[in-house]
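Listed below are the residues making up each chain.
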Amino acid sequence: MNDAMNSGSIPTHRTKAVNDSDSTPQPIRSLEARYYTDPDIFHLEQAGLLARTWQFAGHSSLVNKPGDYFTFTIAGENLFCVRDREGELHGFYNVCQHRAHELLSGEGNTREVVCPYHAWTYTLNGQLRTGPNVNSVPGFDRSRICLTPVRIEVFHGFVFANLDTDAAPMDDWFPGVREELEAYVPHIERLQPLEWIDTPEACNWKVSVENYSECYHCTLNHRAFATGVIKPNTYDIQPQGHCLRHTTASANLDRMSYPIDLDSNEHAGEYSSWFLWPMFSFQVYPGNILNTYHWRAESTDHVTVWRGWYTIDGTDSEVVRRLASQDRATTVEEDIHLVESVQRGLNSRGYKPGPLVLDPACGLRSEHSVHALQQWMRDAIKPVKNHDKHL
Ligand code: FES
Ligand SMILES: [Fe+2]
């Protein structure tokens, strides 16, 4: 099957390809290997997909006070986020409007943004305030010089940025997710990062994201997860806009390794996750424990997966630390071997994309979520049309 047969609107599990010559349904095949191995495709993604989707920038606890800032990178662009004196959060390209020196590095607090090259000075909302000897320039109008803004959104304390100035808001991309997260993690606005664990994987970012987005491999490869966290026969993953929503009943709540007050709120005993296309996921463990995935695509065949763990006000928690290291030692470790083996296989001349297992009933042993993802992956490297610019 060629790409054209698979391009079009966002698929659902009911989508079936039909052979032109007769009406026998043909299985839908996985994405061609070059999507995961060709540096040209990686560069197209950097320039296109990453520049027009919502990307995680950092947690807002880094910028609580006026003057707080942090720098970050999206699609090779150096950017920063800063809180101004009125309490408003801004995103800017980290480049001076004089002769292009970088302005800030790392994170910290500053009264003004002062360029280290010739000391041009900007207010915290990006306006040029002054620069040495600029008044000697006839016609110099400082009011017309300001830093180049970048779109940001705060999503329950998580700051996301989008280089596309016309991007639809996150609530359009990921309908219902904000409300659902609030219900599953009632204290989400009070959370701060307690621990980050980063895991390098020798594979294309899409191999890792696909692996995260299906549970067809779970019972065989994730014993702890499949027997201790979820009830496999209830697991499902469905598109919700450009979110892939994982739902399941929880297993063995009476035998969890940490205490859970099941009466504290409606979802206290549940596991769920919300993958936000293309590279971020919110995941909730029973006990309303939030953790996140952030994939950083380093090159065609390397990605770093950052796992974030949070507590109220960032206070230390033995339970959360233990969960984080248990998760790293089991599910994450098990997945590394899977995705790295797949990447080696994608480089094999002996591989032809195989049929996806699309069960009309969906569920754990179906790859309908991979089908949706692969459609977004194809769309990501197509030229941008006006009507689907945000895809
Ligand atoms: S480049 Fe920033 S002041 Fe000259
Ligand atoms: Fe896995």
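Criteria and cut-off values
- Residues numbered from 1 in each chain as written.
- Chains lettered and ligands numbered in written order.
- Predicted model: local features only at pLDDT ≥ 70, side-chain atom pairs only at ≥ 80, totals over all residues.
- Helix = DSSP H or I, 4+ residues; strand = E, 2+ residues; numbered from the N terminus.
- Rg over C-alpha atoms; globule rule 2.2 N^0.38 Å.
- Buried ≥ 20, exposed ≤ 12 C-beta atoms within 10 Å, placed from the backbone.
- Expected span 1.5 Å × (residues − 1).
- Axes fitted to C-alpha atoms, helices over the stretch in contact; angles between N-to-C directions.
- Parallel < 35°, antiparallel > 145°, perpendicular 65-115°, else oblique.
- Left-handed = near helix turned anticlockwise from the far one by under 90°.
- Contact = placed C-beta atoms within 7 Å.
- Nonpolar A, V, L, I, M, F, W, Y, C, P; charged D, E, K, R; others polar.
- Pairing = 2+ DSSP bridges.
- Core = buried A, V, L, I, M, F, W, Y, C linked by C-beta atoms within 7 Å.
- Domains from an automatic or database assignment.
- pLDDT = per-residue confidence, 0-100.

A.B. asks: Mind laying out the overall build of the protein chain, listing which residues take part and the relevant values?
C.D. replies: Assigned secondary structure in the protein chain consists of 10 helices and 19 strands. Here the protein chain has a C-alpha radius of gyration of 23 Å; the compact-globule value for 391 residues is 21 Å, and the two agree. Seen through its principal axes, the protein chain has C-alpha atoms that stretch 75 × 55 × 35 Å. Within the protein chain, buried positions represent 36% of all 391 residues.

A.B. asks: Account for helix H10 (residues 368–380), with residues named and values stated.
C.D. replies: The first and last C-alpha atoms of H10 sit 19 Å apart over 13 residues, in line with the 18 Å expected at 1.5 Å per residue. Among the 13 residues that make up H10, 11 are buried, leaving the element largely enclosed by the rest of the structure.

A.B. asks: Explain the packing of helix H6 (residues 205–212) against helix H9 (residues 318–346) to me, using residue names and the numbers behind them.
C.D. replies: The interhelical angle for the contact between H6 and H9, taken along N-to-C directions, is 130°, at an axis separation of 10 Å. Of the possible angle classes, the one that applies to H6 and H9 is oblique. For H6 against H9, the interelement crossing comes out right-handed. Seen from H6, the contacting residues are Val207, Ser208 and Asn211; seen from H9, they are Asp335, Leu338, Val339, Val342 and Gln343. By residue class, the composition of the contact of H6 with H9 is 4 nonpolar, 3 polar and 1 charged.

A.B. asks: Residues and numbers for the sheet that holds strand S6 (residues 89–93), please.
C.D. replies: The 4 strands are arranged S6-S5-S4-S7 in an open sheet whose pairing can be described as antiparallel. Only two strands of the sheet have a single neighbouring strand rather than two, namely S6 and strand S7 (107–109). Strand-to-strand, the axes of this sheet are offset by a mean angle of 25°, without reference to chain direction. Here 6 bridges tie strand S4 (residues 68–74) to strand S5 (residues 77–83), and the two strands are oriented antiparallel to one another. Following the sheet pairing, Phe70 is matched in S5 by Cys81.

A.B. asks: Tell me about the nonpolar core, and please be specific about residues and values.
C.D. replies: Ranked by size, the top nonpolar core spans 87 residues in total, and within it Phe160, Leu276, Leu290 and Trp295 carry the most contacts. Per element, the largest residue contribution to this core is 6 residues, and it comes from H10. When residues of this core are assigned to domains, at least three map to each of domain 1 (63–154) and domain 2 (173–380). Among all residues touching Leu290, those that are not within four sequence positions of it are Val185, Ile188, Leu191, Phe282, Val284 and Tyr310.

A.B. asks: Mind laying out the confidence of the model for the protein chain, listing which residues take part and the relevant values?
C.D. replies: Regions with low pLDDT should not have their predicted coordinates read in detail. Of the residues in the protein chain, 92% have a pLDDT of 70 or more, and the chain-wide mean is 90. Contacts for the low-pLDDT stretch residues 1–19, under 50 throughout, to residues beyond four places or in other chains number 30 contacts. Overall, residues 386–391 carries pLDDT values under 50, and its contacts beyond four positions in sequence, including any with other chains, amount to 8 contacts.

A.B. asks: Hey, could you go over the sheet that holds strand S8 (residues 113–114) for me, with residue numbers and the actual values?
C.D. replies: Strand order across the open sheet formed by 3 strands is S8-S9-S10, with antiparallel pairing between neighbours. In this open sheet, the two strands that pair with only one neighbour each are S8 and strand S10 (128–130). Pairing between strand S9 (residues 121–122) and S10: 2 bridges, direction antiparallel. Across the sheet, residue Thr121 finds its bridge partner in S10, namely Thr130.

A.B. asks: Explain unusual backbone geometry to me, using residue names and the numbers behind them.
C.D. replies: Of note, the bond from Trp277 into Pro278 is cis; its omega dihedral lies within 30 degrees of zero at 5°. Along the chain, Pro278 falls in the loop between strand S16 (271–276) and strand S17 (280–285). Located in the positive-phi region is Asn288, a residue other than glycine, with phi close to 60°. In this fold, Asn288 is placed in the loop between S17 and strand S18 (289–299). In this model, Cys362 sits at a positive phi of 60°, which is unusual for a non-glycine residue. Within the secondary structure, Cys362 is located in the loop between H9 and H10. The exposure class of Cys362 is partly exposed, given the 18 C-beta atoms found within 10 Å.

A.B. asks: Give a description of the domain arrangement of the protein chain that names residues and reports values.
C.D. replies: What the domain assignment lists for the protein chain is domain 1 (63–154) and domain 2 (173–380). On a C-alpha basis, the centroid separation for the pair domain 1 and domain 2 is 36 Å.

A.B. asks: Pulling in residues and values, what's your account of the pairing of S18?
C.D. replies: The pairing of S17 with S18 spans 6 bridges and is antiparallel. Its bridge partner being in S18, Val284 is matched across the sheet by Leu290. What sits between the antiparallel neighbours S17 and S18 is a turn of 3 residues, in which Gly287 has the positive phi angle 95°. Across 8 bridges, the pairing between S18 and strand S19 (residues 302–312) is antiparallel. Bridging across to S19, Ser299 finds its partner in His302.

A.B. asks: Before we move on, can you summarise the environment of Asp172 with the specific residues and values?
C.D. replies: You can see Asp172 is positioned in helix H4 (residues 170–173). Taking the C-alpha atoms as reference points, Asp172 and His242, separated by 70 residues in sequence, lie 8.8 Å from one another.

A.B. asks: Let's hear about the environment of Gly241: which residues, and what values?
C.D. replies: Among the secondary structure elements, Gly241 is positioned in the loop between strand S14 (236–240) and strand S15 (243–248). Separated by 64 residues in the primary sequence, Gly241 and Val177 have C-alpha atoms spaced 9.6 Å apart. When neighbours within four sequence positions are excluded, Gly241 is seen to be in contact with Trp173, Phe174 and Pro175.

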